[in-house]
Amino acid sequence: MLVKAEKRFDPEEVIEEFEALTKDAKRVQTETLKKILKENSEAEYLKKWCLDGKTDPESYSTCVPLVTHKDLEPLIQQIADGSPLPILTGKPITIITLSSGTTQGRRKFVPFNDELTETTMQIYRTSYAFRNREFPIKNGKALTFIYGSKQFKTKGGLLAGTATSNVYRSEQFKKTMKEMHTPCCSPDEVIFGPDFHQSLYCHLLCGLIFHDEIQVISSTFAHSIVHSFRTFELVWEELCSDVKTGTLSARITVPTIRTAMAKILKPDPELADKILEKCLTLTNWYGLIEALFPNVKYIYGIMTGSMEPYLKKLRHYAGGIPLLSADYGSSEGWIGANVNLTRPPEMATFAVLPNIGYFEFLLLRDYDPKPVGLTDVAVGEEYEVVVTNFAGLYRYRLGDVVKVVGFHNSTPELQFVCRRNLMPTINIDKNTEKDLQLSVEAAAKLLTAEKLEVVDFTSHVDLSSEPGHYVIFWEVSGEASDEVFQDCCNCLDSTFVDAGYVSSRNVQAIGPLELKVLKKGSFQKILDHYVGLGSTLNQFKTPRCVGPVNQTVLRILCDNVVKSYTSTAFG
Ligand code: AMP
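All values derive from a computational prediction rather than experimental measurement.

Rules behind the numbers
For every chain, the first residue of the written sequence is number 1, and numbering continues from 1 along that sequence. Thresholds applied to this predicted model are a pLDDT of at least 70 for local features of residues and 80 or more for the giving and counting of side-chain atom pairs; totals over whole chains, interfaces and linings are not thresholded and use all residues. Based on all heavy atoms of the structure, the side-chain values leave hydrogens and waters out of the count. Every axis corresponds to a line fitted to the C-alpha atoms, with the helix fit spanning only the stretch in contact, and the corresponding angles, defined between N-to-C directions, vary from 0 to 180 degrees. Under the DSSP-based scheme used, a helix requires at least four consecutive residues in state H or I and a strand at least two consecutive residues in state E, with every element numbered from the N terminus. Comment on the angle field: the value is read as roughly parallel under 35 degrees, roughly antiparallel over 145, roughly perpendicular from 65 to 115, and oblique elsewhere. For any helix crossing, the convention is left-handed if the near helix is rotated counterclockwise from the far helix by under a right angle, and right-handed if that rotation is clockwise. Any pair of residues with heavy atoms lying within 4.5 Å of one another is described as a contacting pair. Charged residues are taken to be Asp, Glu, Lys and Arg, nonpolar residues to be Ala, Val, Leu, Ile, Met, Phe, Trp, Tyr, Cys and Pro, and polar residues to be all remaining types, Gly included. By salt bridge we mean one thing: a side-chain nitrogen of Lys or Arg within 4 Å of a carboxyl oxygen of Asp or Glu. We call a residue buried when its accessible area falls under 20% of the maximum for its residue type, exposed when it is over 50%, and partly exposed in between, using a 1.4 Å probe and counting protein chains only. Whether two strands pair comes down to DSSP finding at least two bridges between them. Expected span, for any helix, means 1.5 Å times one less than how many residues it has. We define a polar contact as two N or O atoms separated by no more than 3.5 Å, with the added condition that, inside protein, one atom must be a possible hydrogen donor and the other a possible acceptor, whereas residues neighbouring each other in sequence contribute only through side-chain atom pairs. Aromatic rings from Phe, Tyr and Trp, taking only the six-membered ring of Trp, are treated as a pair when their centres fall within 6.5 Å; an angle between ring planes under 30 degrees marks them as stacked, one over 60 as edge-to-face, and anything in between as tilted. In this analysis the charged atom, NZ for Lys or CZ for Arg, is taken to sit over a ring once it is within 6 Å of the ring centre and within 35 degrees of the ring normal.

### Topic: the packing of helix α1 (residues 11–23) against helix α6 (residues 114–134)
Step number 1: Two elements in contact, α1 and α6, have axes whose closest approach is 9 Å; the angle formed by their N-to-C orientations is 115 degrees. One element, α1, and the other, α6, form an angle in the roughly perpendicular class. The handedness of the crossing between α1 and α6 is left-handed. Contacts from Pro11, Glu12, Val14, Ile15, Phe18, Glu19 and Leu21 in α1 reach Gln122, Arg125, Thr126, Tyr128, Ala129, Phe130, Asn132 and Arg133 in α6.
Step number 2: Per-class residue counts for the contact of α1 with α6 are eight nonpolar, three polar and four charged.

Here you go:
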């Protein structure tokens, strides 16, 4: 029997392919659109818009409307309910993805298929190939903080889970990680365990057991890495004891995890002593990652957008280990790869892969913008991304704002700016998630002198009294004086640069900003709440603005306030 030889993964070949694709981005986009429309020509949705077999970009944008998730929701629901009709795609959809829902406060159903796994692998391979040029790694392992979310069946019997879990369960994922010399050091039973607290503990333990083989520390979003090492600070003595005795802590109660861990955990008093000594000599855990994992080459995860506030802490844990920002994508599909590894992580850019979807862009500063194609965007401008993918989304407004900062050959390099319309308007203010982040960053500097840091933050627009005002919630690593917090509060209020906010504050059309300081552990409660709903740590993003629809999170916040301050910044 003739066995087809498996193609070996060659990073240089991947780069060559990427260069060829991006040199010809316009044609590749047209071809990709054609492929998507041909594959799905039987879909009812496309038939409805009377494309009549046309697959060119002009006919497509004339016939098919721009949509948001809300517009497609009833159709996706019909698919989830088991409709046998080809609603959005030619081939039936068998898996539904649940977006994390942490930015909007509501989880969304999104169709998923094998092509999305395929494009995920393409983006992983592409960015790895570029990373490998700057930071080559040899055979080894990765300490990867990943978790399989609970999967469930929809009413129609379709499998539903988060996009990351769908990918982690695929055979291609394991194969690709092996090819990239970064197989996860934890067994599957840990990754797919039913309790993320126990999985996290065991990820850390596996990391210690394989400490000298670990080449990369990673997670999808950087928050998860910071959260993991914050947990390490709390449980490190227990971990050391497990390593010393070869007996797993009683906190691990899931039998499958215990069995899997028993196969790799052996008594190693020498290693335990080494870890103990390292932990005791660190100052405030500075350089923890470097100290524990002597052969680690870099730390990898999404560090841009809502992850930027965690970079300071991540740098602290990393010591001298480089931080590399990961790619840009969503449950709706991947968009671009970080191929410029020399940029600082918060400045990462994403070169759009022109064959993984068809992309259009809406100019943000235009009131009624006409979408432009991938290769027609202008450097320096900000746009909302519109995606057409292989899994039944057509001209779908993603809700993300990106800035075009240059081109890689003929494909644009994007910088992530923020989610669109995250902060509701009180008067004529137009503050964004980014504005909030910058204001928190400025105010948090006032805590540095006290050797304190903002662990996490969120906001709320309080319209219960006239005029409405912003409330910012902070969890802080320790106690500060009322005077310091009052200064922070005034600083928060006065550093919003949006002209609409400043002028509204000046005439009291927006009331004074409130800073509410939360009990320690409040954001852990919010995370637990989302994980309880079936979300996963992989995709967790602290909601930066909590609206009235998100009553549970608002209640957690309000119930945990220990101190409140009202700004006096505008007299
Ligand atoms: P989810 O659908 O839950 O996976 O979340 C996807 C969202 O995460 C995107 O729409 C973006 O808002 C955000 N996101 C994904 N990748 C990045 C990135 N590289 N930088 C900043 N934000 C990102």
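Alright, that's what it looks like, and here's the rest.
### Quick notes on the pattern of salt bridges
Step number 1: All chains considered together, the criterion is met by 23 salt bridges.
Step number 2: The salt bridge partner of Arg27 is Asp24, with a shortest N-O separation of 2.6 Å.
Step number 3: Taking the shortest distance from any N to any O, the salt bridge between Asp188 and Lys174 comes out at 2.6 Å. Residue Asp188 is located in helix α9 (residues 188–191), and its partner Lys174 is located in helix α8 (residues 171–179); the two are separated by 14 residues in the primary sequence.
Step number 4: Accessibility expressed as a relative area gives 30% for Asp188, which makes it partly exposed.
Step number 5: On the basis of relative accessible area, Lys174 is assigned to the partly exposed category, the value being 40%.
Step number 6: A network of salt bridges, in which partner residues are shared, links Arg125, Lys175 and Glu179.

### What about the sheet that holds strand β6 (residues 214–221)?
Step number 1: With parallel pairing, four strands are arranged side by side in an open sheet as β3-β6-β7-β8. Both edges of this open sheet fall to β3 (141–144) and β8 (323–325), since each of them pairs with a single strand only. Direction aside, neighbouring strands of the sheet carry axes that sit 25 degrees apart on average.
Step number 2: By the bridge criterion, three bridges tie strand β7 (residues 298–302) to β8 in an arrangement that is parallel.

### Looking at helix α10 (residues 196–209)
Step number 1: In this model, α10 (14 residues) spans 20 Å end to end at C-alpha, consistent with the 20 Å of a helix rising 1.5 Å per residue.
Step number 2: The buried fraction of α10 amounts to twelve of the 14 residues, a majority that puts the element mostly inside the structure.
Step number 3: Restricting attention to buried positions, one finds in α10 the residues Phe196, Gln198, Ser199, Leu200, Tyr201, Cys202, His203, Leu204, Leu205, Cys206, Gly207 and Leu208.
Step number 4: One side-chain oxygen at the N-terminal end of α10 lies 2.7 Å from the backbone nitrogen of His197; it belongs to Asp195.

### Description of the environment of Ile123
Step number 1: On the secondary structure map, Ile123 appears in helix α6.
Step number 2: Taking C-alpha positions, Ile123 is 9.7 Å from Val352, a pair spaced 229 residues apart along the chain.
Step number 3: The contacts of Ile123, once residues within four sequence positions are left out, are Asp327, Trp334, Ile335, Gly336, Ala337, Leu353 and Ile356.

### Here's the deal with the packing of aromatic side chains
Here the distance between the centres and the angle between the planes together describe a pair of aromatic rings.
Step number 1: Going through the model one piece at a time under the given rule, you end up with 23 aromatic pairs.
Step number 2: Plain terms: the ring middles of Tyr124 and Phe173 are 6.4 Å apart, the flat faces sit at 65 degrees to each other, and that makes the pair edge-to-face. One end of the pair, Tyr124, is in helix α6; the other, Phe173, is in helix α8, with 49 residues separating them in the sequence.
Step number 3: Ring geometry for Phe229 and Phe232: centres 6.5 Å apart, planes at 50 degrees, overall tilted. One end of the pair, Phe229, and the other, Phe232, are both in helix α11 (residues 222–245), three residues apart, so they sit about a helical turn from each other. For the pair formed by Phe229 and Phe232, the shared burial category is buried.
Step number 4: By way of ring pairs, the aromatic residues Phe145, Phe229, Phe232, Trp236, Trp285 and Tyr317 are connected into one cluster.
Step number 5: Arg131 extends its terminal NZ or CZ atom over the ring of Tyr300, reaching a point 3.7 Å from the ring centre.

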